[in-house]
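Listed below, chain by chain, are the residues.
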Amino acid sequence: MADRSHERWGSQLEYLLSCLGYAVGIGNIWRFPYLCYRNGGGAFLIPYFLTLVICGIPLVYLETTLGQFASAGCISIFNINPLFKGAGYAVILVNIIATTYFAAIMSFPLLYIYHSFTSPLPWQSCGNTWNTDRCSELTGNSTSAIGSTGAVTTPEDEFFHIRLLQMSPSINEIGGIVWPLFCCNLICWVCVYLCICGGVKSVGKIVYFTVLFPYVVLFALFIRGVTLPGAGQGILYFILPDWSQLKNPKVWADAATQIFYSLGPGWGGLVSMASFNRFHYDNLRSSIIIPIVNSGTSIWAGFVVFSVLGFAAERAGVPVSQVATAGPGLAFITYPAAVTLMPAPNFWAITFFVMLFFLGIDTMFVTIEAVITGLLDEYPKLHRRRKLITLMTCLILFSISTICNTKAGLHIIGLLDSHVAIACVPIVCIMELVAAVYTYGQDKLRTDVLFMTGRPLRRFWLILWRYVLPVVAGYSLREASGIAGWCVALASVVCIPIFAAKTIYMSRGPVLQRIKENCRANALWGPRRRPKSARSGIHFAKKNCTCP
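The numbers attached to residues start from 1 for each chain and follow its sequence in the written order. Thresholds applied to this predicted model are a pLDDT of at least 70 for local features of residues and 80 or more for the giving and counting of side-chain atom pairs; totals over whole chains, interfaces and linings are not thresholded and use all residues. Hydrogen atoms and water are omitted, and side-chain values are computed over all heavy atoms in the structure.

Asks: Tell me about the state of the cysteines, residues and numbers included.
Replies: For the purposes of this analysis, a disulfide is any pair of cysteine sulfur atoms at a distance within 2.5 Å. Enumeration over the complete set of coordinates arrives at one disulfide. For the unlinked cysteine C183, the closest cysteine sulfur is that of C184, found at 6.9 Å. Judged by its relative accessible area of 42%, C183 is partly exposed. Here C495 stays unpaired: no disulfide links it, and the sulfur of C424, its closest cysteine neighbor, is 7.9 Å away. Burial here depends on accessible area, computed with a 1.4 Å probe over protein chains only, as a share of the maximum for the residue type. Under 20% is buried, over 50% is exposed, and the range in between is partly exposed.

Asks: I'd like a rundown of unusual backbone geometry, residues and numbers included.
Replies: Note that the residue after S119, namely P120, is joined by a cis bond; omega there is -5°. Secondary structure follows DSSP: runs of H or I at least 4 residues long count as helices, runs of E at least 2 residues long count as strands, and numbering of each begins at the N terminus. With respect to the secondary-structure elements, P120 resides in the loop between α5 (86–115) and α6 (155–164). A positive phi angle, near 50°, is found at S71, a position not held by glycine. Relative to the helices and strands, S71 resides in the loop between α4 (45–70) and α5. In the Ramachandran plot, Q166 falls in the positive-phi region, its phi being about 50° despite a non-glycine side chain. Note that Q166 resides in the loop between α6 and α7 (179–196). For Q166, a relative accessible area of 34% puts it in the partly exposed group.

Asks: Break down the packing of aromatic side chains for me, citing the residues and quoting the values.
Replies: The rule is short: rings of Phe, Tyr and Trp, with Trp giving its six-membered ring, pair when the centres are within 6.5 Å, and they are stacked under 30 degrees, edge-to-face over 60, tilted in between. This structure, assessed with the given rule, holds 44 aromatic pairs. For the pair F32 and F44, a centre-to-centre distance of 6.3 Å together with 50° between the ring planes defines the contact as tilted. Of this pair, F32 sits in helix α3 (residues 32–38) while F44 sits in the loop between α3 and α4, placing them 12 residues apart in sequence. Relative accessible area serves as the criterion here: at 0%, F44 is assigned to the buried category. With a centroid separation of 5.6 Å and an interplanar angle of 80°, the aromatic rings of F238 and F303 are classed as edge-to-face. Of this pair, F238 sits in helix α10 (residues 231–239) while F303 is found in helix α13 (residues 284–316), placing the two residues 65 residues apart along the sequence. By relative accessible area, which is 22% here, F303 ends up partly exposed. A ring is considered to have a charge above it if a Lys NZ or an Arg CZ atom is located within 6 Å of its centre and within 35 degrees of its normal. K444 extends its terminal NZ or CZ atom over the ring of Y440, reaching a point 6.0 Å from the ring centre.

Asks: I'd like a rundown of the confidence of the model for the chain, residues and numbers included.
Replies: Each residue gets a pLDDT score, which is the predictor's confidence in that residue and runs from 0 to 100. With 93% of its residues at a pLDDT of 70 or more, the chain has an overall mean of 88. For this analysis, residues touch if any pair of their heavy atoms sits within 4.5 Å. Every residue in residues 141–145 scores below 50 in pLDDT, and together they form 11 contacts with partners more than four places removed in sequence or on other chains. Across residues 530–548, confidence stays below pLDDT 50; counting only partners more than four residues off in sequence or on other chains, it has 41 contacts.

Asks: An account of the packing of α5 against helix α22 (residues 495–505) is requested, with residue identities and associated values reported.
Replies: Where α5 meets α22, the axes come as close as 7 Å, and the angle between the chain directions of the two elements is 145°. Crossing geometry of α5 relative to α22 is assigned as right-handed. For the pair formed by α5 and α22, the contact residues are G86, A87, Y89, A90 and L93 on the first element and C495, I496 and F499 on the second. Think of each axis as a best-fit line through the C-alpha atoms, taken over the contacting stretch in the case of a helix, with angles from 0 to 180 degrees between the N-to-C directions. By the definition used in this description, the sense in which the near helix is turned from the far one sets the handedness, with an anticlockwise turn below a right angle giving left-handed and a clockwise turn giving right-handed.

Asks: Describe the pattern of salt bridges, and please don't skip the residues or the numbers.
Replies: Here a salt bridge means any side-chain nitrogen of Lys or Arg lying within 4 Å of a carboxyl oxygen belonging to Asp or Glu. One pass over the structure, following the stated rule, counts eight salt bridges. Residue R386 is joined to E7 by a salt bridge in which the shortest nitrogen-to-oxygen separation is 3.8 Å. On the criterion of sequence distance, the pair formed by R386 in helix α16 (residues 386–401) and E7 in the segment before α1 (12–23) is long-range, its members being 379 residues apart. Here the two residues R386 and E7 agree in accessibility, since each one is buried.

Asks: Explain the nonpolar core residue by residue, including any values.
Replies: Working definition of a nonpolar core: buried Ala, Val, Leu, Ile, Met, Phe, Trp, Tyr and Cys residues. They are joined through side-chain atoms within 4.5 Å. I29, I196, F332, F353, M364, W465 and W525 are the most contacted members of the largest nonpolar core, which totals 180 residues. Per-element tally for this core: the top contributor is α5, with 18 residues. Each residue touching F332, except ones within four places of it in the same chain, is listed here: W30, I105, F108, P109, Y112, E156, F160, F353 and L356.

Asks: Can you tell me about a nonpolar patch on the surface, naming the residues and giving the values?
Replies: Excluding any residue in a salt bridge, patches collect residues exceeding 30% relative accessible area, merging like charges within 9 Å and nonpolar Val, Leu, Ile, Met, Phe, Trp and Tyr side chains within 5 Å. To measure how exposed things are, a 1.4 Å probe is used in the Shrake-Rupley method; for residues, cover is taken only from the protein chains shown. On the surface, a cluster of nonpolar side chains totalling about 490 Å² of accessible area is made up of L388, L391, M392, L395, I396 and I400. With respect to the element layout, I396 can be found in helix α16. Given a relative accessible area of 47%, I396 falls into the partly exposed group.

Written out as structure tokens, the structure reads:
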């Protein structure tokens, strides 16, 4: 492998902010608050924080440890068990699929920012050329929810689906390109390329603004939200515990799934970011800080969102449950509807959508960097052409993402978002656990961690990695729906058996011997520049690695 030891974070704060930008995203705003209130309010925090401790933090610690120790991306990290290297290619593919639709989602806030400079806000009333006869404005005597009820739609709903997206009836009717979305998508990709073309040196500087600015905006929205009439009603609806929900297994499953997917293990981003750390950096503290800040942000965002929803419910004369939604509907229909009821609605609309954009763009930085780092580490000759590889990657992903800029774009986004990671990510995490703790061996792992950080690896982590996390990861696997859903879910997973079969086929000897040989860490596993002291304390060579 090529030596890329010169590629390091300017400071460990840059690493921490990059990981926070990766973990904290738009899901903290539009998924967690709804999930919390639906699953028992404050009672949901019990399984949520329990899962954070036994699943979230240990997974982040394991991935950052492996990435930092080997200075390797998501493919080369499986030099610890070459038979599993197909999981690294699966991660590349799942990131490519996810980035294509996520970039399209990021074009939505840009369009809203543009239209938020119009006064009055264009989604504020029904008297526009795009509105239908079913459009009904939200008033104090309203008896319907904010959004569409089937018989009646609101101006916010029609603005989003008809004016902005020009949405087709189904995914089977692709339609043409929606050019405003296309242009905003292009702007997103230009921003991404300019920010990541210099590698971690440029990303490390950009995150000081892109990560911290959304927190400033979130604080401003929090202060404004809690001072609105009806805010208390919304917040109580969010946190009031329903202890009976703890008896429902689905609540515990939702908590595990939320922790599992919100932090980003199994996606390659954490491994990639950690690979640029100094070798002797003690990554345990940051591995605890990142999940805790991510979860704290989710809870804080819940207060921000439900304070505004409580205000909207009071003004509309409806229960909070009728205005509480999840997903894009919350960000692009419900919240804009609530903003129109505030004083200075244009200012708060711009503020909210700027925050959404920066929350999402951070995630794109690290996701694409994970793809590029993974490929460059596995094919080191490409390092000399990093900027060209970055440009080509962005151009290819932009070209693919234009399918989500069509009139069926939201249907495609829904299909990809609900299926792309349901099989691949849990399986990759399980394979990481098996490779590190079982085939490589916990004794070697403890020795490596002690040498790298100077801190002994506690038995607590090994117990979680060996016995608890494989069960939780397996429990996070979900069933796909429909043929299209199964195709999306399995598109990346097929890399795993294909590469394993290829590896076994290209080896020599009986089949069982081939499998055993390829379960051992190869000669490429270990630090890129091995200190002299490593020779006596660390097992780097393939001949010294044994399968239990």
